[in-house]
2 protein chains.
Amino acid sequence: MAAPKRLNRDALISTALEVADREGLDAVTIRRVAQRHDVTPMALYRHFPDKDGIFDAVIERLLAQVRLPEHDERPWDEQMTELLSGLVEALRPHPNAATLVFSRILSSTPGRDITERTLALLRRSGMPVEQAAETASQTLSSLVALVIAAPGRTGGPEIDEAAAAREQKAALLALPEDRYPHLVAAADAMSSCGSEALYYGRGVDLIVTGMRGAQRPEAVTGR
Amino acid sequence: MAAPKRLNRDALISTALEVADREGLDAVTIRRVAQRHDVTPMALYRHFPDKDGIFDAVIERLLAQVRLPEHDERPWDEQMTELLSGLVEALRPHPNAATLVFSRILSSTPGRDITERTLALLRRSGMPVEQAAETASQTLSSLVALVIAAPGRTGGPEIDEAAAAREQKAALLALPEDRYPHLVAAADAMSSCGSEALYYGRGVDLIVTGMRGAQRPEAVTGR
DNA sequence: ACCTGAACACCGTTCAAGT
DNA sequence: ACCTGAACACCGTTCAAGT
């Protein structure tokens, strides 16, 4: 008879994600995840090839939450906005884990689906294949960056987020005002999101507007 | 008499950066850097408070290379393009280290200078302070993302870059064409930069065009 | 099939010395 | 002032076993 398996892959992924959310990516260790399940570190190797495999699974889960917009006759930029907003929504709750997406979009199935759709919409907008590929790549990584570097985030363990934001703000306000007038004036907005909805809404708009501009060559400056 | 100091802070930073470039960020360890200078790990603690201090110094050096454009009467978007291109040029040779920039732009002097100038140009474009702060934050992190996730980069140790690109391309070409028609068609462009100059030039344009669009409300869709 | 246990080659960092 | 040495509490991972 098979031994009753005590370990569950999905639960392990959840634990890894929780640890990442609460204490940062560096706190996610095989030994720590194992401990939370009252199991030897080596037990995890039944479910993942190695530590990176755990991260792969975490990202796959996050990206799988993204719902692709229905195929319909709406303008491409409207659908693009919906698609990209979906990606942002999926990553927002997990800014620490988001870093892992950079190297993994094309190696997970849901990531490939998102990329495929982005490419499709860019092609529909009139872009040649090569430029669409470049733009898709730039776009998706930029959105990940938006989540990682959202004002108020330190990138660290994030024990007390509000305190970190206050500290950040104080540091900016303490800057010499003659050298950093704008940084001092924007201390508040640079150290915490007034409205996350607005921050991400505008972030997506920045990109989509840039895409639209690429379709109107006269708007592009070049270098 | 003071003992002749064998260790040099700048040289240590160079070593850290070299290791990062060649073998990835994870390969940068205090012990490894120390070993390259024929010194005990503890010797480094004379020059840096801890490991993170080494990373801080690495990023400070990279960002210090960015030359801010002269103050002149050219249009804001032209100056912005120059500024952002300068940042990209500084980071391009060090994609592995670039990840560290996210959490450090505002905590290094050159990073603050870059951010201050970005804010100034956005304000000059007509943006209100809060939006300028948001946009500056989004812009700078997006450019970092461009470097980190440039087609052809795996994010890993990068032993053989060309081989990794070929492998990536083969993986894309092996995808089912009915489900991923665009991904298959764009396999080449998704797995390596045809022209890095074009990739980064268009990347900067994407952002700057997005900024211009924020000044023309009718171009913004919203959500 | 699923998990354990001991071991190996690494980490960052503290503390107490040496010269 | 500058560096060493031993030690501590961690890592990921291999190998060989237990049930």
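This is a predicted model, so every value here is computed, not measured.

Let us now look at the packing of aromatic side chains. Following the criterion strictly, the structure yields 3 aromatic pairs over all chains and no others. Summarising the aromatic geometry, the rings of Phe 102 of chain A and Phe 102 of chain B are spaced 6.1 Å apart at their centres and angled 5 degrees between planes, so their arrangement reads as stacked. Taken as a pair, Phe 102 of chain A in the loop between α5 (95-98) and α6 (109-124) and Phe 102 of chain B in the loop between α5 (95-98) and α6 (109-124) lie in two separate chains rather than in one. Take Phe 102 of chain A and Phe 102 of chain B: they sit in the same class, and that class is buried. Ring geometry for Tyr 199 of chain A and Tyr 200 of chain A: centres 4.8 Å apart, planes at 80 degrees, overall edge-to-face. When its relative accessible area of 0% is taken as the criterion, Tyr 199 of chain A is described as buried.

It is worth spelling out the interface of chain B and chain A at this point. Contacts between the two partners involve 63 residues from chain B and, on the opposite side, 62 residues from chain A. Approximately 5,400 Å² of surface area, both sides summed, lies buried where chain B meets chain A, with 64% of it carried by carbon and sulfur atoms. Counting the contacts that link chain B with chain A gives 4 salt bridges. Between Arg 202 of chain A and Glu 134 of chain B there is a salt bridge, with the nearest N and O atoms lying 3.1 Å from each other. Remark: the boundary between chain B and chain A carries 12 residue pairs in polar contact (both at pLDDT 80 or more). Of all the secondary structure elements, the ones that give two or more residues to the side of chain B that touches chain A are α4 (76-91), α6, α7 (129-148), α8 (161-173), α9 (181-185), α10 (187-191) and α11 (196-214) of chain B.

These two copies of the chain differ by a rotation about an axis and a displacement along the same axis. The two copies are related by a screw motion: chain B maps onto chain A through a turn of 180 degrees and a shift of 0.0 Å along the axis, at an RMSD of 0.0 Å. In the structure described here, the two chain copies are related by an operation that fits a two-fold rotation axis. When the interface residues of chain B are mapped onto chain A, 98% of them again fall at the interface, so both copies present the same face.

On to the protein's contact with DNA strand C, then. Near DNA strand C there are 19 residues, and of these Arg 6, Thr 40 and Arg 46 of chain A together with Arg 31 and Met 42 of chain B occur at the shortest range. Across the atoms of DNA strand C situated within 4 Å of the protein, the share located in sugar and phosphate is 48%. Within the side chain of Tyr 45 of chain B, one N or O atom sits 2.8 Å away from a phosphate oxygen of DNA strand C. Between DNA strand C and Lys 51 of chain B, the relevant distance is 3.1 Å, taken from a phosphate oxygen to a main-chain nitrogen or oxygen of the residue. Looking at which element gives the most residues to the surface near DNA strand C, the answer is helix α2 (residues 30-36) of chain B, with 3 residues. Partitioning the surface near DNA strand C into residue classes produces 8 nonpolar, 3 polar and 8 charged.

Cut-off values and rules
- Residues numbered from 1 in each chain as written.
- Chains lettered and ligands numbered in written order.
- Predicted model: local features only at pLDDT ≥ 70, side-chain atom pairs only at ≥ 80, totals over all residues.
- Heavy atoms only, no water.
- Phe/Tyr/Trp six-rings, centres within 6.5 Å; stacked < 30°, edge-to-face > 60°.
- Helix = DSSP H or I, 4+ residues; strand = E, 2+ residues; numbered from the N terminus.
- Buried < 20%, exposed > 50% of the residue type's maximum accessible area, 1.4 Å probe, protein only.
- Contact = heavy atoms within 4.5 Å.
- Buried area = accessible area lost by both parts, 1.4 Å probe.
- Salt bridge = Lys/Arg side-chain N within 4 Å of Asp/Glu carboxyl O.
- Polar contact = N/O pair within 3.5 Å; in protein donor to acceptor, adjacent residues only side chain to side chain.
- Least-squares fit on C-alpha atoms with pLDDT ≥ 70 in both.
- Near = heavy atom within 4 Å.
- Nonpolar A, V, L, I, M, F, W, Y, C, P; charged D, E, K, R; others polar.

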